[in-house]
Amino acid sequence: MMSFNDSILANIKKQESDDDGETFMEVLGRFNEPETSINYDPLNAGNDVEVERKFQWQCDGTQFLRQYKDEEDDMGPSKTKIAKAELKSSTGQMWSMVPPTQPTADELPEFVPTGKGPAKSVTNLLEAWHLLFDVPMLSQIVKSTNEEIKATKRKESYEKRLTDMTEMRAWLGLNYLCGVLRNSLCPGPIEELWTLELGNAIFRATMTYKRFEFINKCLRCVEQPDDSSHPLDSVGDLWEKLIINCRSYYAPSDFCMIDEHILDLSTDPYSPFDHQISPMYNSKGLRFITMCDAKTLYISNAIIASNCDPLDEEVYQLISDIKGSRRCLCMRERFSSLHLMQKLKQYRLQVVGSLEHNAHEIPSELSNTSNDFQMWYTKHDTTLICGPGENVTSTGFLLTNGLSARIDGTKLYQTIKDSNSKAIENMQKYSTKYARANNPYSWSLKHFYFMLDLAAFNAWILYRLSENGEAELEYRDFLRQLGLYLTQQQLKQRIHINLKVPLPLKLQIAEILGENGDAVLANASKATDAANKTGSIPAEKALIGAGIVLQSRENDNRRRCRGCKSRNGSKIKTRCQQCLTPYCMRHLISRCEKCSGYELQQSELDTSKVEESIPVDLDVSQE
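As a convention, each chain's residues are numbered from 1 in the sequence order in which they are written. Only residues with pLDDT of at least 70 get local features here, since the model is predicted, and only at 80 or more are side-chain atom pairs given and counted; chain-wide, interface and lining totals rely on the full set of residues. In computing side-chain values, all of the structure's heavy atoms are included and hydrogens and water are not.

Section: the packing of aromatic side chains
Moving on, step 1. Here is the rule: rings of Phe, Tyr and Trp (six-membered ring for Trp) pair when centre to centre is within 6.5 Å. Planes less than 30 degrees apart are stacked, more than 60 are edge-to-face, and the remainder are tilted. Summed over all chains, the structure comprises 18 aromatic pairs.
Moving on, step 2. Ring centres of F288 and F450 lie 4.7 Å apart, and the angle between their planes is 25°; this geometry places the pair in the stacked category. One end of the pair, F288, is in strand β6 (residues 285-293); the other, F450, is in helix α14 (residues 443-465), and 162 residues separate them in sequence.
Moving on, step 3. Only protein chains enter the accessibility calculation, which uses a 1.4 Å probe; a residue whose area is less than 20% of its type maximum is buried, one above 50% is exposed, and one in between is partly exposed. By relative accessible area, F288 is classed as buried at 0%.
Moving on, step 4. An aromatic cluster is defined as three or more aromatic residues linked by ring pairs; in this entry it consists of W171, W194, F203, Y209 and F212.
Moving on, step 5. Both a distance and an angle decide whether a charge sits over a ring: NZ of Lys or CZ of Arg must be within 6 Å of the ring centre and within 35 degrees of the ring normal. It is K295 that lies over the ring of W57; its NZ or CZ is 6.0 Å from the centre.
Moving on, step 6. K433 extends its terminal NZ or CZ atom over the ring of Y434, reaching a point 5.8 Å from the ring centre. Each helix is a run of H or I in the DSSP string that is no shorter than four residues. Each strand is a run of E no shorter than two, and both are numbered from the N terminus.

Structural data, given as structure tokens:
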């Protein structure tokens, strides 16, 4: 059983609360900056040369890289039914079967994917996760959630208490554990995890199910926006901070892929988003555009699209961190165009993309012919590949620009085209969406679960790439350990500070934390002995002094107890017999005549109760 060290959080980065990162206009403005050299990598600037650790890459360069002197170059023109040597597209672009006289750029720098800054040497998976889902983000969630709790009508005890950083971390940890334990097609009700028969001790030890469900209901990422604000304002700030952290602590490899993903929101009737990618997806919802590292599946950058149609500005924003590095970028047909690729070449990127079968860049003669493999060239280092096969692209056309002679564009696109979908699939295999309670499943909550999954998946890759990490750690084991780490501070508070926790539950917590259960039993025994200890009265106060007359213990009218702190408490009739101050039974000490040394007179007794008891005795004697 792992033990929790309070110094784990010491190495986690500190971030100013007012640092919101770059804005979209600032990102676009950096495209006009002068380039220094072809092999300049802005992500690895100032870093030492990285040593590649034992990591199972998702793709290997031998699948699509040629040797430096490859005599059997299959990039030349093949036999075709087209008789013309040159073709012209509808946009006026001339295509030739003869390669241009100027050779294709052969610079192919090798970049090993690695963490940046503190991510290079994280020693604990909680540190890796906290780099992406940092303390300012948690503070923002806690503050907004407490505002929602204050606004609700509080009746039960679990609804009256505000949350804090420790409890919010524990709640997030239980969400990750729910994803690990409930990732089946037909999971049972979530409350089963809190039962003795089918549940898990970590859930009962961390918090009650009612408290877990209540936090789920009151969870807010930002303060309640105005009615006139954009729907994304309720989660946009937190999303931007997460993406900035994902970009700041990772340097991708040589090959990246740009693709889009739809977060299905069809189950939410109040969802303001109905984006759809047809015919790739049948679902409607929120559209994400992601840039994924093909070697590690790390999602290095992502944006939320504002409409259904792709824009060039979205691609410019995604590649802002890798421009000028000669990395190779692959794109789906919805993003590929000759104009965009020529623009990306100016940013010193190698681009491969699939084209729509009716794209304007394709000559009509090629669109109407069979899908025989053939290649056409332009003077601007652009190549049009026709008929690569349905296993490569369903449209039948590929477009490359500025591609190195060592790269086979067809094999490259075939190898890494599904990188983004694989990353999303693996990320949601143990998704926190399985932690959904019986509350309405809103689109903002589903987007929050998506952010939790993204932070955990990227943190898993950072931890495996770290110098002190475990390269062979499975994603499920990472989530399980992360959930346990996030709940340990809450468990320590419940076992050492919270006095209302039952003894059997404290023993379970001690077993989870790996602490000594005998010490818990000894402390409980001391507390019980102190509570049951017989009180003693000093000799000078044992007898009532001369001249003191004790009055009746009951007042004529009900008054509030002076010892109770609550002003809204119930009124009582009991009072001190000497100073006549109203006190409830929790703040009064009763003594008999023998212990007090004072004999009560008959007039001081409650005569009403004596009179009520006389007829009863007479009736019994008559029977």
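Okay, back to it.
Description of the pairing of strand β9 (residues 350-354)
Each regular strand displays side chains that alternate between the two surfaces of the sheet.
Moving on, step 1. Most of β9 sits inside the fold, with 5 of its 5 residues counted as buried.
Moving on, step 2. Of the two faces of β9, the one holding Q350, V352 and S354 and the one holding V351 and G353 are both buried throughout.
Moving on, step 3. Two elements, strand β8 (residues 328-331) and β9, share 4 bridges in a ladder whose sense is parallel. By the bridge assignment for β9, L329 is matched with V351.
Moving on, step 4. Orient the strands so they point away from the viewer; a crossover is then right-handed if the path from the first strand over the helix to the second runs clockwise. Between the parallel pair β8 and β9, the chain is carried across by helix α10 (residues 338-346), and the sense of this crossover is right-handed.
Moving on, step 5. At least two DSSP bridges between two strands are needed for those strands to be called paired. Bridge count between β9 and strand β12 (residues 397-401): 4 bridges; the pairing is antiparallel.

Section: the pattern of salt bridges
Moving on, step 1. Each salt bridge in this description consists of a side-chain nitrogen of Lys or Arg and a carboxyl oxygen of Asp or Glu lying within 4 Å of one another. For the coordinates displayed, the defined rule picks out 12 salt bridges.
Moving on, step 2. Salt-bridge contacts for R247 lead to D321; the nearest nitrogen and oxygen are separated by 2.7 Å. With R247 in helix α8 (residues 236-248) and D321 in the loop between α9 (312-318) and β8, the pair connects residues that are 74 residues apart, well separated along the chain. Here the two residues R247 and D321 agree in accessibility, since each one is buried.
Moving on, step 3. Here R287 makes a salt bridge to E260, at a shortest N to O gap of 2.7 Å. Taken together, the residues R287 in strand β6 and E260 in strand β5 (residues 255-264) connect sequence positions 27 residues apart. A single burial state applies to R287 and to E260, both of which are buried.

Considering the confidence of the model for the chain
Moving on, step 1. Per-residue confidence from the predictor is given as pLDDT, running between 0 and 100. Looking at the chain as a whole, the pLDDT averages 78, with 75% of positions reaching at least 70.
Moving on, step 2. Low confidence marks residues 46-52, where pLDDT is under 50. Its contacts with residues over four positions away, or in another chain, come to 5 contacts.
Moving on, step 3. Contacts were defined at the residue level, with two residues in contact if any of their heavy atoms lie within 4.5 Å. Note that pLDDT drops below 50 for residues 70-83; the model gives that stretch 26 contacts with residues more than four away or on any other chain.

Points about the pairing of β6
Moving on, step 1. Buried residues dominate β6, accounting for 9 of its 9 residues.
Moving on, step 2. The sheet contact formed by β5 and β6 spans 9 bridges and is antiparallel. Opposite D264, over in β6, you have G285 as the bridge partner.
Moving on, step 3. Here 5 bridges tie β6 to strand β7 (residues 299-304), and the two strands are oriented antiparallel to one another. Note on β7: the bridge partner recorded for I289 is I303.
Moving on, step 4. Taken together, β6 and the strand that follows it, β7, pair antiparallel across an intervening segment of 5 residues, in which L297 is found at a positive phi of about 70°.

What to know about the packing of helix α5 (residues 165-181) against α14
Moving on, step 1. The angle between two axes is taken between their N-to-C directions and runs from 0 to 180 degrees, where each axis is a line fitted to C-alpha atoms and a helix contributes only its stretch in contact. For the pair α5 and α14, interaxial distance at closest approach is 12 Å and the crossing angle is 80°. In terms of their interaxial angle, α5 and α14 are classed as roughly perpendicular. On the side of α5, the interface is formed by W171, L172, N175 and Y176, while α14 contributes F448, Y449, L452 and A456.
Moving on, step 2. Charged residues are taken to be Asp, Glu, Lys and Arg, nonpolar residues to be Ala, Val, Leu, Ile, Met, Phe, Trp, Tyr, Cys and Pro, and polar residues to be all remaining types, Gly included. When its residues are assigned to classes, the contact of α5 with α14 shows 7 nonpolar, 1 polar and no charged. Here the word oblique covers every angle except those under 35 degrees (roughly parallel), over 145 (roughly antiparallel) and from 65 to 115 (roughly perpendicular).

What to know about helix α12 (residues 409-416)
Moving on, step 1. Buried residues of α12: G409, T410, L412, Y413 and I416, and no others. Buried positions in α12, seen along its axis, are confined to an arc of 165° and lie on one side of it.
Moving on, step 2. The elements touched by buried residues of α12 are β5, β8, β9, β11 (382-386), β12 and α13 (419-427).
Moving on, step 3. Put simply, D408 is the residue that caps the front of α12, since its side-chain oxygen is 3.2 Å from the backbone nitrogen of T410. An arc is given here, and it is the one of the directions from the helix axis to the C-beta atoms. Throughout this description, a polar contact denotes any pair of N or O atoms lying within 3.5 Å of each other; where both atoms belong to protein, one of them has to be capable of donating a hydrogen while the other can accept it, and for residues adjacent in sequence the pair is counted only when both atoms sit in side chains.

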